[in-house]
Structure formats: C-alpha cells, structure tokens
Amino acid sequence: QVQLVESGGGLVQPGGSLGLSCAASGLSLDHYAVGWFRQAPGKEREGISCISAFDGSTYYADSVKGRFTISRDNAKNTVNLQMNSLKPEDPGVYYCATPPPGYLSDSCVDFRPESFGSWGQGTQVTVSS
C-alpha cells in the first residue's frame, strides 16, 4: 500500500522560512511526479508545486514563484518543499500527492487535485507574528 507522510509544518513568522518533507513507502518517488497542495479554511485545495520524474522539471503556482522550491532526495525517498519569505496568505494544510500508476504518472500533467491518486495526511502551516 502506498503511504505518503508530510512533515515539517508548524508556526512561523511572516517573512520566515519553513521546510516541508514528503516521505513515501510502498513506492519509489523517483518514478513518480510529486505535487504539493495547500488548503486554507473555506477554500478549495490548490496546487502549489510539482516535480516531474521524467525530466526533473518543476512547476510553481504564480503565488509562490520565487519563494518556494521543490526538490528530490532519492536516497531518502523524499520530496521536499522549501518555503521562504512566508506571507500571511500562505497558511493552511499542506499535502503531498502522487498520480496513480500508469500512463504519464511520471509527469506533471496538471495541478488539479483530481489528477492525483495517493495523498498524505497533511501538515499544518501557520504564519503569524
């Protein structure tokens, strides 16, 4: 069974930094695209970033470009999200996810949550002074 576990969330001041990690069991993340999503209270879950396993390309939502960085650590079977210059609009529950096995599962086809099949439990990020 595929299991994804997010870690690294917590409380951070505006302008601060936080690093999130997505650890996997049951699959090797280096064979799958991995997306990061966040969901704020009362809002839709939105795509934040994605990293392809096919060519290593990365994608970011406009709201986080230049501030967030996604990366892989294949030795640890993790995908990380480094968040810098955090803003009050960044808090929420952050999830990592992978597409279901099959065609184009190694590529970031789109940022729709419906395109991803395996999800972690989420980790809470709070931005407050």
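For the structure itself, look to the data block above.
This report concerns the structure included in the present document. (Residues numbered from 1 in each chain as written. Predicted model: local features only at pLDDT ≥ 70, side-chain atom pairs only at ≥ 80, totals over all residues. Heavy atoms only, no water.)

## Focus on the side chain of Thr78
Tracing the backbone shows Thr78 in strand β8 (residues 78–83). Those residues within four positions of Thr78 in sequence are excluded, and the remaining contacts are Ser21, Cys22, Ala23, Leu29, Ser71, Arg72 and Asp73. (Helix = DSSP H or I, 4+ residues; strand = E, 2+ residues; numbered from the N terminus. Contact = heavy atoms within 4.5 Å.)

## Observations concerning the nonpolar core
The nonpolar side chains of a soluble globular protein tend to be buried with one another. Counting 25 residues, the largest nonpolar core has Leu20, Trp36, Phe68, Leu81, Met83 and Tyr94 as the members making the most contacts within it. Looking at which element gives the most residues to this core, the answer is strand β3 (residues 18–25), with four residues. With residues up to four places along the chain from it excluded, the contact list for Leu20 reads Ser7, Gly8, Gly9, Trp36, Val79, Asn80, Leu81, Met83, Tyr94, Thr123 and Val125. Judged by nonpolar contacts, the second largest core, of six residues, contains Ala33, Cys50, Ala97 and Cys108. (Core = buried A, V, L, I, M, F, W, Y, C linked by side-chain atoms within 4.5 Å. Buried < 20%, exposed > 50% of the residue type's maximum accessible area, 1.4 Å probe, protein only.)

## Considerations on the pattern of salt bridges
Enumeration over the complete set of coordinates arrives at five salt bridges. A salt bridge links Glu46 to Arg38, with the shortest nitrogen-to-oxygen separation between them at 2.9 Å. Under the relative-accessibility criterion, Glu46 is labelled partly exposed at 35%. A residue is classified by how much of its surface remains accessible, and Arg38, at 5% relative accessible area, is buried. A salt bridge links Asp110 to Arg112; the shortest N-O distance between them is 3.3 Å. Residues joined in a network through salt bridges with shared partners are Arg38, Glu46, Arg67 and Asp90. (Salt bridge = Lys/Arg side-chain N within 4 Å of Asp/Glu carboxyl O.)

## Considering the state of the cysteines
Here the structure, examined in full by the defined rule, presents two disulfides. Bridging Cys22 to Cys96, the disulfide has an S-S length of 2.1 Å. Every disulfide takes its handedness from the sign of the S-S torsion; for Cys22 and Cys96 that torsion is 70 degrees, giving right-handed. With a gap of 74 residues between them, Cys22 in strand β3 and Cys96 in strand β9 (residues 92–98) connect regions that are remote in the sequence. Each sulfur of the disulfide joining Cys50 and Cys108 lies 2.0 Å from the other. Its torsion about the S-S bond being -85 degrees, the disulfide of Cys50 and Cys108 is classed as left-handed. With Cys50 in strand β5 (residues 46–51) and Cys108 in the loop between β9 and β10 (118–119), the pair connects residues that are 58 residues apart, well separated along the chain. By the burial criterion, Cys50 is buried, and Cys108 matches it. Numbered in order of appearance, the disulfide-bonded cysteines of the chain are paired 1-3, 2-4. (Disulfide = S-S within 2.5 Å.)

## Details of the side chain of Ser57
Following the sequence through the fold, Ser57 ends up in the loop between β5 and β6 (58–60). Side-chain polar atoms of Ser57 contact the side chain of Asp55, separated by 2.8 Å. Contact partners of Ser57, with chain neighbours within four places excluded, come to Cys50, Ile51 and Ser52. (Polar contact = N/O pair within 3.5 Å; in protein donor to acceptor, adjacent residues only side chain to side chain.)

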